[in-house]
Amino acid sequence: KVQTLSGEDTLGYDIPESWRWQRLDDLLIFGPTNGFSPKAVDYETPVRSLTLSATTSGRFKGEHSKFITAHVPADSDLWLQDGDILVQRGNTIEYVGVAAVYHGEPNQFVYPDLMMKLRVSSAFDVGFIHLAMSQEAARNFLRARASGTSGSMPKINQTTLRSMPLPVPPLAEQRRIVAKVDQLMALVDDLETKLTTSRATAAN
């Protein structure tokens, strides 16, 4: 069932005729669910738990993880699977609600309590949904609904995340947009690498 949102429930800008405003909840087959955060240890164990830094950039970075002693059954929903989206449930107002997609082998990482995990239906391109969740208007929607007393960490809850409106084009168009963005991101990465190299050369 596709539920199209009316004007006042959207993010406040116009979208093409063939697109639809939909709540994130209508796109999901799993979640959002919170993770858990047992104490880290300084020796190797079979379970690695992410730290918040693993997703603050909007890209998944598995090097930001720590070992924990908790036993996590192989069939636990705490393990990340390829294509899972992680959203920061609590952080500074700048980072609360940041989303990143995990691409990799299953059962390599579990995720902490300050993140929520969700999985979108195969009827949607996960890369596109991630882009839609990462745009400034969507981030502002979450920031405006973050709770937290003065001096404490702003947090968003599952209900708020589920209610987030997203502009959704037909699947083929979602894929075209993702391919174009990937192309542009590769260009940016390439330019950054060249800039770093030329700065090093100049410094020498």
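Coordinates for the structure precede this section.
These lines cover the structure that appears in this document, whether it is placed above or below.

About the cut-offs
Residues numbered from 1 in each chain as written. Predicted model: local features only at pLDDT ≥ 70, side-chain atom pairs only at ≥ 80, totals over all residues. Heavy atoms only, no water. Axes fitted to C-alpha atoms, helices over the stretch in contact; angles between N-to-C directions. Helix = DSSP H or I, 4+ residues; strand = E, 2+ residues; numbered from the N terminus. Parallel < 35°, antiparallel > 145°, perpendicular 65-115°, else oblique. Contact = heavy atoms within 4.5 Å. Buried < 20%, exposed > 50% of the residue type's maximum accessible area, 1.4 Å probe, protein only. Pairing = 2+ DSSP bridges. Polar contact = N/O pair within 3.5 Å; in protein donor to acceptor, adjacent residues only side chain to side chain. Patch = residues over 30% accessible without salt bridge, like charges linked within 9 Å, V, L, I, M, F, W, Y side chains within 5 Å. Areas by Shrake-Rupley, 256 points an atom, 1.4 Å probe, with all protein chains shown as cover. Salt bridge = Lys/Arg side-chain N within 4 Å of Asp/Glu carboxyl O.

Geometrically, a packed helix pair is captured by the angle between its two axes and the distance between the axes. Running from N to C, helix α1 (residues 126-134) and helix α4 (residues 171-203) point in directions that differ by 70°, and their axes come no closer than 8 Å. Taken together, the axis directions place α1 and α4 in an arrangement best described as roughly perpendicular. Two secondary-structure elements touch here, α1 through G127, F128 and L131 and α4 through Q174, I177, V178 and V181.

Moving on, we come to unusual backbone geometry. A negative phi angle characterises most non-glycine residues, just as the trans form characterises most peptide bonds. With an omega of 0°, the peptide bond running from G31 to P32 counts as cis. If you trace the backbone, P32 turns up in strand β2 (residues 28-34). Notably, N107 is not glycine yet its phi reads approximately 60°, a positive angle. Exposure remark for N107: the relative accessible area of 27% places this residue in the partly exposed category.

On to the pairing of strand β6 (residues 85-88), then. Covered by surrounding structure in β6 are I85 and V87 together with L86 and Q88, the residues of both alternating faces. Where β6 and strand β7 (residues 99-101) come together, 3 bridges link them in antiparallel fashion. Paired with I85 across the bridge in β7 is V101. Pairing between β6 and strand β8 (residues 115-120): 4 bridges, direction antiparallel. Across the sheet, residue I85 finds its bridge partner in β8, namely L118.

By the burial criterion, the buried members of helix α2 (residues 136-144) are A138, R139, F141, L142 and R143. Taken together, the buried residues of α2 touch α1, α3 (158-162) and β9 (165-168).

This part is about the side chain of D125. For D125, the position within the fold is in the loop between β8 and α1. Of note is the side chain of D125, whose polar atom sits 2.8 Å from the backbone nitrogen of G127. Every residue in contact with D125, bar those within four places of it in the chain, is listed here: L171, Q174, R175 and V178.

Our next topic: the environment of T10. Structurally, the position occupied by T10 is in the segment before β1 (20-23). On the basis of relative accessibility, which here comes to 16%, the residue T10 falls in the buried class. When the C-alpha positions of T10 and P165 are compared, they lie 5.6 Å apart, and in sequence the two are 155 residues distant. A polar atom in the side chain of T10 sits 3.2 Å from the backbone nitrogen of G12.

Here the focus is a nonpolar patch on the surface. Residues L184, L187 and L191 make up a contiguous nonpolar surface patch of roughly 300 Å² in combined accessible area. Relative to the helices and strands, L187 resides in helix α4.

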